[in-house]
Amino acid sequence: MTTYLLSFDLWKAVEEDGEVPTLSANPTLAQIKNYNEENVKKFKAINALLMQVLNLKGEFEIQKMRELEGIKDYVDRLTSIANRIRLFGENVSDNRIVEKVESLPKKFESKISSLQDSKDLSKISVNDLVNALQAVE
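Just so it is clear, the structure is predicted and the values come from calculations on it, not from any experiment.

Caption draft 1: Spotlight on helix α5 (residues 94–101). Residues of α5 that are buried: Ile97, Val98, Lys100 and Val101. All buried residues of α5 lie within an arc of 160 degrees about the axis, which places them on one face of the element. Looking at the buried side of α5, the elements it contacts are α3 (29–62), α4 (71–87), α6 (109–118) and α7 (126–134).

Structure (structure tokens):
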């Protein structure tokens, strides 16, 4: 992320918390332009970070288990994306990952149904769900 923001000349605004010195009493046009550009950098940095979070959330939502993919690999992929979202300070609960895993292909349908009947899936851990589903594979 540092490199990403550096490429847009925005990292300094994040690092210094966007503090821009005030203008003098009679600023030149160049000083005014520079002042305005520096003021906007913090907001550009925030926008760049928010866009990254939105992209990751979208990526998480469109994930589907691939035909020949194992349940563990699928959950690892979901967890990896969730962890990248968490690095931005956004919350992705393990429960959300469990909800996403519940939308597996038809071969898992009966196991998901029996798990829903026997357990409260809002309280099951991701690892417990993976272990239960790996038996179907």
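So much for the structure itself; the text now carries on.
Caption draft 2: Fine view of the pattern of salt bridges. Within the structure shown, the criterion is met by 11 salt bridges. Residue Lys72 pairs with Asp76 through a salt bridge whose shortest N-O separation is 3.3 Å. Taken together, the residues Lys72 and Asp76, both in helix α4 and 4 residues apart, mark about one turn of the helix. You can call Lys72 partly exposed: its relative accessible area is 43%. Judged by its relative accessible area of 39%, Asp76 is partly exposed. Through salt bridges that share partners, Asp9, Glu38 and Lys41 make up one connected network.

Rules of the game
- Residues numbered from 1 in each chain as written.
- Predicted model: local features only at pLDDT ≥ 70, side-chain atom pairs only at ≥ 80, totals over all residues.
- Heavy atoms only, no water.
- Buried < 20%, exposed > 50% of the residue type's maximum accessible area, 1.4 Å probe, protein only.
- Helix = DSSP H or I, 4+ residues; strand = E, 2+ residues; numbered from the N terminus.
- Arc of directions from axis to C-beta.
- Contact = heavy atoms within 4.5 Å.
- Salt bridge = Lys/Arg side-chain N within 4 Å of Asp/Glu carboxyl O.

By themselves, these figures tell us nothing about what the structure is for.
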